[in-house]
Amino acid sequence: MGNAPTRHQPTTKTPPHTALEERKPTSVSNSFVMANTRQRFSADDIAATHEPFALVGGTIYDPATGRDGIVADLWIEAGRIVSPPADTSRFRQIDAAGLVVMPGGVDLHSHVAGPKVNAGRRIAPQLSSGRRSIGEPAAVPTIHRTGSLYAALGYTTVFDAAIATGAAGIATLELAEMPILDKGFYLLAADDTELLAALDRGDPDTISRLVWDAVGQGGGWGVKVANPGGPAFWKRSRGDHHDLDTPLPGYGLTGRSLLERLARSVSAVGLPHPLHIHTANLGLPGNWRTLAETMRTLDGIPAHLAHVQFHSYTGGDLDADSFGSGVAELAGWFNDHEGLTLDVGQVLFGDTVAMTGDSAAAEHLAHTTGVPWHSHDLWLEGGCGVLPIAYKEKSLIHAWQWAIGLEWFLSVTDPWRLVLSTDHPNGAHFTAYPVLMQLLGDAAFRRAAFERIHPAVRKRSPLAHLDREYSLQELCIITRAAPARIAGLPQKGQLGVGADADITLYRPSHDLAAMFAMPAAVYKGGQFVAENGHPRATPAGRQLRAIAAHDEFSSELNG
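How each quantity is defined
Residues numbered from 1 in each chain as written. Predicted model: local features only at pLDDT ≥ 70, side-chain atom pairs only at ≥ 80, totals over all residues. Heavy atoms only, no water. Helix = DSSP H or I, 4+ residues; strand = E, 2+ residues; numbered from the N terminus. Buried < 20%, exposed > 50% of the residue type's maximum accessible area, 1.4 Å probe, protein only. Contact = heavy atoms within 4.5 Å. Areas by Shrake-Rupley, 256 points an atom, 1.4 Å probe, with all protein chains shown as cover. Axes fitted to C-alpha atoms, helices over the stretch in contact; angles between N-to-C directions. Parallel < 35°, antiparallel > 145°, perpendicular 65-115°, else oblique. Left-handed = near helix turned anticlockwise from the far one by under 90°. Phe/Tyr/Trp six-rings, centres within 6.5 Å; stacked < 30°, edge-to-face > 60°. Pairing = 2+ DSSP bridges.

Topic: the overall build of the protein chain
Within the protein chain, the regular secondary structure consists of 18 helices and 22 strands. Across the 559 residues of the protein chain, 61% fall into the buried class. Taking contacts inside the protein chain between residues at least 6 apart in sequence as the whole, the part at least 24 apart equals 74%. Carbon and sulfur atoms provide 52% of the accessible area of the protein chain, an area that totals close to 20,800 Å².

Put into structure tokens, the structure is as follows:
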């Protein structure tokens, strides 16, 4: 294990801190100490060097390696976590005592690039940074600001969840301008005519080849389907479809067959992330039945279900009760079938911008709310609908959406199959993640919020009887370890030897929203990039491409 490091506390002594004790924000560069020289160093010193260093005495939460609040040291060299060295003299030693140490956050489902995001910036100027209250981010920040804000929260990896194949080049150029983060995207390959025809024929070899080519040539990480078969209806008649078994216009293919064949193909070609599914009937009353049928269709096939909150509503002609929650039956089925994973798409109250690869759903929402909307599917095989939206505590529908998302989080028994998300910016801005983490980890805080929402929801929602509280370890799982594992990134979301040195240090606090909103320090690939909510360096992150070389079907996947 090597020689134990000799550590020195800062000149100004502070008492030891318990795991959840309040700490005042202090500058990391003023409180961390280079132990082997007894000399303080600044943030600029860290950002300018890639010298080996150690984070000494931090309280580590790392579910992938089984460390749950364990005080230990981390050794970092050349951007990776390494074994404790025999010779520690080469390593700059940084005192992390009293701080919570977690892997960098991984956002498995967000919207940060491509034409839809640019449309979102244009359609809601009233939500721009210049018009909002001081310190509140724009609903759709610039690409550079997006990277900096994510890093300031302790996130180091992000995936855009819906890029049309024809927009892959644009998205790649945009993401190259996003600082700090490693980033990738999922391609809406099933909207392409050639792949849709192959799915209709049921030709597995051709389907697999076209999937491989789409991801390889587009530089994507995985495949996304938004409203399976819906774009075919939209192109032909600007119409929607409301089940998985109606044949697509011009095809014998149904949405159900599309899902099954495409999911099997994505699994067969060995992409790191399973098929990423936004199923039919987004946001409509009674759509819990469609999600239930989607899960049954995928029984035994690896797949990831996106923003399930928006697909879990009772109501409509088939449900005797009015609009409400269908989570209980859905979560029960999900808990019993281990091949599926999901992200929630939590709604939080406030102004934001909705953007979806399901143009029909966007048009329906725009007509319902009376706000202007934008569709950008003229030049692409697939497209998205974009419109502003304001979620309100006293709105019956919005209150149900808020409660249904939390009900999902509190009903799934295995956090390793669950990912924290707001479907940024659809349900809420990603900078609201700390508030969501407190809603999950602090039952009293959640009960107080519950008392403010629409009274009809308070009366009927199962959330009133759910007292579960997420531990710090479980919050670490759903924001780091689980999304990294589900994405197929073994070097992310963990702090074991060989992992990327993407590390976040937090000051422990009972106020989880404050704790997670302002990390003491963030490291990306071993470089010090943020401190107390402020960027300290803006290195270029990597674009994550699943297929290193796509000219042969046997090409290796990137590690």
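Remarks on the packing of helix 6 (residues 193-201) against helix 7 (residues 204-218)
Two numbers describe how helix 6 lies on helix 7: the axes approach to 8 Å, and their chain directions differ by 155°. For the element pair helix 6 / helix 7, the angle class is roughly antiparallel. Where helix 6 crosses over helix 7, the handedness of that crossing is left-handed. Taking contact as the criterion, the partners of Glu194, Leu195, Ala198, Leu199 and Arg201 in helix 6 are, on helix 7, Thr206, Ile207, Arg209, Leu210 and Val211.

Overview of the environment of glycine 350
Residue position: glycine 350 is located in strand 15 (residues 350-356). For glycine 350 and alanine 428, which are 78 residues apart along the polypeptide, the C-alpha to C-alpha distance reads 7.4 Å. Beyond its immediate stretch of four places on either side in the chain, glycine 350 contacts Ile389, Ala390 and Tyr391.

Some points on the packing of aromatic side chains
The full count for this structure, using the stated rule, is twelve aromatic pairs. Pairing tyrosine 155 with tyrosine 433 gives two aromatic rings, centres 5.6 Å apart and planes at 55°, and the pair type is tilted. Taken as a pair, tyrosine 155 in strand 7 (residues 155-163) and tyrosine 433 in helix 14 (residues 433-441) lie far apart in primary sequence, 278 residues in all. Grouped by ring-pair contacts, the aromatic residues Tyr150, Tyr155, Phe430 and Tyr433 constitute a single cluster.

Looking at the sheet that holds strand 11 (residues 303-305)
Strand pairing in a sheet relies on backbone hydrogen bonds, with the paired strands running either antiparallel or parallel. Spatial ordering of the open sheet is given by 6-7-8-9-10-11-14-18, a layout of eight strands whose pairing is parallel. Each having just a single partner strand, strand 6 (105-110) and strand 18 (418-419) make up the two edges of the open sheet. Here four bridges tie strand 6 to strand 7, and the two strands are oriented parallel to one another. Counted as the bridge partner of glycine 105 is tyrosine 155 from strand 7.

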